[in-house]
Amino acid sequence: MPQDITFHDYQTEDYYDELFDAQGRPRPGAVLLAEKINSLPPGELAQRRDEIDRALLRMGITFTVYGDDEGTEKIFPFDVIPRIIEAYEWNHIEAGLKQRIAALNLFLNDIYHDQQIVHEGILPADLLEKAKSYRRQCEGLSPPRGIWCHITGTDLVRGGDGAIYVLEDNLRCPSGVSYVLQNRLVMKRSFPQVFEASRVRPVIDYPSRLYQTLTHLAREHVGEPTVVVLTPGIYNSAYYEHSFLAQQMGVELVEGRDLAVKDGFVYMRTTDGFERVDVIYRRIDDDFIDPQAFRKDSMLGVPGLMDVYRRGRVALANAPGTGVADDKVIYAFVPEMIRYYLNEEPILPNVPTYVCSREEDRNYVLANLDKLVVKAANEAGGYGMLVGPHSTKEQQYEFARLIANDPRNYIAQPTLALSRVPTVVGDKIEGRHVDLRPYILYGEDIWVLPGGLTRVALKKGSLVVNSSQGGGSKDTWVVAMNEQQIAESETPL
Amino acid sequence: MTLEKASFAMLSRVAESIYWMARYVERAENTARFIDVTLNVILDQPENTNQQWDPLVQTTGDVEFFREHYGDSTPENVLRFLTFDAEYPNSILSSLNAARENARTVREAISSEAWEQLNSFYHFVKRAASNGRLNGPAQIDFYQEVKQHSHLFNGILDATLPRGKGWHFANLGRLLERADKTSRILDVKYFTLLPNAYDVGTTLDDLQWSAVLRSVSAFEAFRKRYHTITVHRVVEFLVLDGRFPRAISFCVNWANDSVHQIVGSPLGAYRNEPEQRLGRLRAELVYADVDSIINRGLHEVVDDLQRQLNDVGSAIHETFFAMRPVEQIQATQVQQQYQ
C-alpha cells in the first residue's frame, strides 16, 4: 500500500518556515503547490521522486564517493518540494546583492591600488596585511573594464527573526549553479502543471548571460572573442559543472596542459595547431593558475599566464586576488565598505560578527564560547570551526587558546535558528534547515539570477548543508511580478 | 548557403578523447558480437564446447593474459574474461569504463543525448557485472542488448553531432577499430576452420562460416550477393566489399574520407601521414582481388593489414593528439598564413 505523502500533518515547530506561516497556513506563493501535493494520488509523489533520482543518474549528475573501491557514484540528493520566494522579498534580496557586489568590486580595486579605505582608517591596515588571500602580485593591476568579481555566489540565510542575512561572499570560484539549472529541468518535467500555474521566473538564460559577461571582457578590436572554461580536470568535484557550463555556452573546456603562452599571448593546442584565447573563465584557484606567479609546484596552471593578463592580452574571470574579500574578518567590514564607497546604508545585513582582534569583541567571545559559532578567517567548508552549543569544554578551551594566540584569525557569530523548508523524508514531510546561494554576474551591469541554489541539511536538526556532510538541494522558485517573464514548462535543454 | 569557416579547430586532447570513446564502444560491441555468435553456434552443436571458446581468446590477441589468469578455455572462464573482468583492459566492462571516462572529459564536446546513452550503457553493464554470472536466455539477451546499446549510441552520435571534426574523429575511431576486429575474427576462424579438410563443403563448415558472417551482421547481406557460402566468397566479402559497413575495405575507405575532412585536403591527395597511410591502404584494398589474397595466404594478408592499421593509429596520434612544444607556435602561425 503506497503511503500518502501530504502536508496534512506538517509542523513548522516554531521555526521560520519558507512555505508555511506560524499558523500552519501556506504562504501566498505556496498555496498552489500545497494544494497540488495534497491532491496527488497515493504513491505519486514517491514515484516522481524516484523518477527524478533515476534521471539524475542517467544524466550523470553525480559525484564520486572517495575511499570506495567500487568507485560508487552518488547523485547530489535532490528534494522535490521547492523553496518559494515571494516577488517583493526577492526584489529586496536582489537590490541588496547588487549593492554589495558594487561595493566589493570598488573595495578590490581600492586595496590593490591606493588603499584609501585603509588610509582613512576604516579598515585597519594590519587586518589587510594579514589576510592570507591578499595577493601582492595583483597590486597595481587594472583588470579589463575595471571589473574584478564577475561571478559571485553569495550565501544567504534567514534567521529566526525572519530577516535575511549575508553569511559569506564567495568571490573566487563559486560552484553550484549547474545544479540550479538541472534542478529546474527535472522539476519542470515532473510537475509541469503546478509549475506553470505558480508563475516562476526562469533561470534558463544563465549560460547566455554568463557568456555575455565573459565576452564583455575581451579587447575591443577582437571581433568574435575566443572564450574558454579552464578546469583543474576530471578529478575535481565540480568538474561536472565546468563541463556543463562550457557545453551550454558552446565554448571549449580546457585544462592547463591545453594552453600555452608564447610571445605575449595565450594559445590553446588544437588539431589545427595553436589558436589564440581571449577570455578565460577559470575554475582554478589563484594559487594554481600560474606557477611562475603563484605556487611553483602547480601542475594545473599555465606558466606565464599572469604576465599576459597584466599586459591586458587575455582576460581572467574572476580576476586573481578577489579571494581577499572572502576572508571572514574582511567580511565583517562589508557594511562599512558599502557606506564608504557608495554612501548608502546596507540593504542586506551581515550576520552579527565579533572580530576577535578588537579587544572588546574578543572578551565577549571568550566569555561566551558555549553560545557562539567561532570561525577561522581563512578556512572554508566547515573547517577550523567551533559550534558552541554542540561543543565540549575541551573544544572550547582549545579555541580560547587559538584565539588568544592569533586573534586576527578568528571571528564569532551567534548561532542562528536557520529557516526551514518542508522536505520529503522517507514517507513523510518534515521541516529541514536551508540556506540560499544566489549567483551574481558583473558584466555591462550587475545581474542576479532569480533564485539560486537552495541547499538543505537532510539530517534532522542539522544546520550543515554541505553535500559532503549529508546535504541536498532544492529547486528555488522566485514568483514573478505581473510584467515579468515566467519560465515555460517545456524548455528543451 | 554561405560558406563559413569549414570546420572549427578542436582541442587535441578533446579530439583524442572522442576518438578513443568511439573506439572503445566499438570494441565492446565487437566482443559482444563474438560471444553472441559463439553462444548461438553452441546451441546448434553442443559437444566439445571448449573448442568453440578458445578461438575467442585468440581473437583478442591477449592469449598470455588469459592463460596466466584463467588457464583453460572453459565457457565460464572465457565469458568472465571477455565480459566482466575489470583487470583485463579489453573486456566489455573495461572498454565501456574507458569509453565513458573519455566521454566524461569531453561531455561538453559531444551531445548530451550521446553522453546520456553512453552513461546508461555503462550502468547497464556495470549492473550486470555486479549481479554476477549470466545463465541461459539471460546470457544471450545480455550480449544482444550490449549490441543494441552500441547501435543506439552510434545512431545518436550520427543524428546529433554536426559533421565537424568531433564527428569525424569519432568515426575514425570506430571504423579503425571495426576494421581491426573484422580482420581478427576472419583470421582466427580461417585458422581454426581451414585445416579441417574433411569439413570443407560439409554442413558443419557452412554452419561455422555462416556464424562468422553473423558475428559481423553480414549473413543476410552476403546471402543476397552470393547465395551459397564458399571460403573465397566469405573472404572477398569481409575484406574487399566496398558497400557492407563492417567489411574492411568499407571501413578503410570511410576512415580515409573522415581524415581528409578533418584536414581539409581533397581525396586522392595528402598533407600528412595519416592521410597518406590511409589513402595507400585504401588503394591497396580497392584494387586487390580475392585470389591473390588466398594465394599469398590469408593469415599473412591479415597480419599485414593489422600492422598497417596500427601504423595509421600511431600516425593519427602523432599528427593530431601529441602535445607539441611551445616553440612550434611561431612555425604554425607562419604555416597558416601560407595556407
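## Brief notes about the overall build of chain B
Of regular secondary structure, chain B possesses 16 helices and zero strands. Residue pairs in contact within chain B that sit at least 24 positions apart in sequence constitute 63% of those at least 6 positions apart.

## What about the overall build of chain A?
The number of helices and strands found in chain A is 15 helices and 23 strands. Relative to its length of 493 residues, chain A is compact, with a C-alpha radius of gyration of 23 Å against a globular reference of 23 Å. Judged by the C-alpha coordinates and their principal axes, chain A covers about 70 × 65 × 55 Å. Each of the 493 residues in chain A was classed as buried or not, and the buried ones make up 58%.

## Focus on the sheet that holds strand E13 (residues 315-317) of chain A
Residue and element names in this part refer to chain A. Strand order in the open sheet formed by four strands is E8-E7-E12-E13, and the pairing between neighbours is parallel. The outermost strands of the open sheet, each flanked by one partner alone, are strand E8 (252-254) and E13. Averaged over neighbouring strand pairs, the angle between their axes works out to 30° when direction is ignored. Both strand E12 (residues 279-282) and E13 contribute to a ladder of three bridges, which runs parallel. Pairing of Tyr 281 across the sheet is with Ala 317, part of E13. Sheet strands in contact with helix H9 (residues 239-249) are strand E7 (227-230), E8 and E12, and its direction is about 150° off that of E8.

## Comments concerning the packing of helix H8 (residues 206-215) of chain A against H9 of chain A
The relative placement of two packed helices is expressed as an angle between their axes plus a distance between the axes. Residue and element names in this part refer to chain A. Between H8 and H9, the least distance of the axes is 9 Å, while the angle of their chain directions is 80°. With respect to H9, the element H8 is oriented roughly perpendicular. Between H8 and H9, the residues in contact are Tyr 206, Pro 207, Leu 210, Tyr 211 and Leu 214 and Leu 245, Gln 248 and Met 249, respectively. Split by residue class, the contact of H8 with H9 holds seven nonpolar, one polar and no charged.

## Focus: the packing of helix H5 (residues 92-104) of chain B against helix H6 (residues 112-131) of chain B
Residues and elements named next belong to chain B. At a minimum axis separation of 10 Å, H5 and H6 run at an interaxial angle of 150°. Comparing the axis directions of H5 and H6 gives the class roughly antiparallel. Viewed along their axes, H5 and H6 form a crossing whose handedness is left-handed. Within the contact between the two elements, H5 uses Ile 92, Leu 93, Leu 96, Asn 97, Ala 99, Arg 100, Ala 103 and Arg 104 and H6 uses Trp 115, Leu 118, Asn 119, Phe 121, Tyr 122, His 123, Val 125, Lys 126 and Ala 129.

## Topic: the domain arrangement of chain A
Taken domain by domain, chain A holds domain 1 (220-311) and domain 2 (352-415). For domain 1 of chain A and domain 2 of chain A, the distance between their C-alpha centroids amounts to 39 Å.

## Re the packing of aromatic side chains
Under the counting rule described, the total for this entry stands at 32 aromatic pairs over all chains. Summarising the aromatic geometry, the rings of Tyr 240 of chain A and Phe 244 of chain A are spaced 5.8 Å apart at their centres and angled 35° between planes, so their arrangement reads as tilted. Here the residue Tyr 240 of chain A and the residue Phe 244 of chain A both occupy positions in helix H9, the gap between them amounting to four residues, near one helical turn. The residues Tyr 240 of chain A and Phe 244 of chain A share a single accessibility class, namely buried. Ring geometry for Phe 81 of chain B versus Tyr 88 of chain B: centroids 4.2 Å apart, planes at 25°, classification stacked. There is no split in this pair, since Phe 81 of chain B and Tyr 88 of chain B are both buried. Feature note: the residues Tyr 19, Trp 20, Tyr 24, Phe 169, Phe 320 and Phe 321 of chain B constitute an aromatic cluster, connected by ring pairs. The ring of Phe 265 of chain A is capped by Arg 276 of chain A, whose NZ or CZ atom sits 3.9 Å from the centre of that ring. Arg 214 of chain B extends its terminal NZ or CZ atom over the ring of Phe 219 of chain B, reaching a point 4.0 Å from the ring centre.

## Points about the pattern of salt bridges
In total, this model carries 57 salt bridges over all chains according to the counting rule given. In this structure, Asp 307 of chain A engages Arg 311 of chain A in a salt bridge whose closest nitrogen and oxygen atoms are separated by 3.6 Å. Since its relative accessible area comes to 39%, Asp 307 of chain A is described here as partly exposed. Connected via shared salt-bridge partners are Arg 23, Arg 27, Glu 177, Asp 180, Lys 181 and Arg 184 of chain B.

## A word on the sheet that holds strand E4 (residues 151-153) of chain A
Residue and element names in this part refer to chain A. Strand order across the open sheet formed by three strands is E4-E20-E21, with antiparallel pairing between neighbours. Both outer strands of the open sheet, E4 and strand E21 (446-448), are each paired with one neighbouring strand and no more. Strand after strand, the sheet turns through a mean of 20° between neighbouring axes, direction not considered. Pairing between E4 and strand E20 (residues 439-442): three bridges, direction antiparallel. Bridge assignment links Thr 152 to a residue of E20, and that residue is Ile 440. Contacts from helix H3 (residues 87-111) reach E4, E20 and E21, with the element oriented near 140° to E21.

## As for the state of the cysteines
Residue and element names in this part refer to chain A. Counting across every chain of the model gives zero disulfides over all chains. Unpaired in this structure, Cys 149 has its nearest cysteine sulfur neighbour in Cys 173, at a distance of 13 Å. A relative accessible area of 22% places Cys 173 in the partly exposed class.

## Topic: the domain arrangement of chain B
All names here are of chain B. By the assigned domains, chain B splits into domain 1 (11-161) and domain 2 (162-323). Put simply, the middle of domain 1 and the middle of domain 2, counted by C-alpha atoms, are 20 Å apart. Contacts between domain 1 and domain 2 engage 28 residues on the former and 32 residues on the latter. Buried surface at the junction of domain 1 and domain 2, summed over both partners, amounts to about 2900 Å²; 60% is from carbon and sulfur atoms. Summed over the shared surface of domain 1 and domain 2, the result is six salt bridges.

## What about the side chain of Arg 27 of chain B?
Relative to the elements of secondary structure, Arg 27 of chain B occurs in helix H1 (residues 12-44). In contact with Arg 27 of chain B, other than residues within four places in its own chain, are Trp 20, Asn 90, Ser 95, Glu 177 and Lys 181 of chain B.

## Considering the interface of chain B and chain A
Facing the 36 residues of chain B at the interface are 32 residues of chain A. For the pair chain B and chain A, the summed buried surface comes to about 3200 Å²; carbon and sulfur atoms form 47% of the total. Counting the contacts that link chain B with chain A gives three salt bridges. A salt bridge links Arg 13 of chain B to Asp 258 of chain A, with the shortest nitrogen-to-oxygen separation between them at 2.6 Å.

## Thoughts on helix H2 (residues 44-58) of chain A
Residue and element names in this part refer to chain A. For H2, with 15 residues, the first-to-last C-alpha span of 21 Å sits near the 21 Å given by 1.5 Å per residue. Residues of H2 that are buried include every one of Leu 45, Ala 46, Arg 48, Ile 52, Ala 55 and Leu 56, and no others. Gly 60 sits one or two positions beyond H2 and adopts a positive phi of about 75°.

Quick notes on the rules
Residues numbered from 1 in each chain as written. Chains lettered and ligands numbered in written order. Predicted model: local features only at pLDDT ≥ 70, side-chain atom pairs only at ≥ 80, totals over all residues. Heavy atoms only, no water. Helix = DSSP H or I, 4+ residues; strand = E, 2+ residues; numbered from the N terminus. Contact = heavy atoms within 4.5 Å. Rg over C-alpha atoms; globule rule 2.2 N^0.38 Å. Buried < 20%, exposed > 50% of the residue type's maximum accessible area, 1.4 Å probe, protein only. Pairing = 2+ DSSP bridges. Axes fitted to C-alpha atoms, helices over the stretch in contact; angles between N-to-C directions. Parallel < 35°, antiparallel > 145°, perpendicular 65-115°, else oblique. Nonpolar A, V, L, I, M, F, W, Y, C, P; charged D, E, K, R; others polar. Left-handed = near helix turned anticlockwise from the far one by under 90°. Domains from an automatic or database assignment. Phe/Tyr/Trp six-rings, centres within 6.5 Å; stacked < 30°, edge-to-face > 60°. Lys NZ or Arg CZ within 6 Å of the ring centre and 35° of its normal. Salt bridge = Lys/Arg side-chain N within 4 Å of Asp/Glu carboxyl O. Disulfide = S-S within 2.5 Å. Buried area = accessible area lost by both parts, 1.4 Å probe. Expected span 1.5 Å × (residues − 1).

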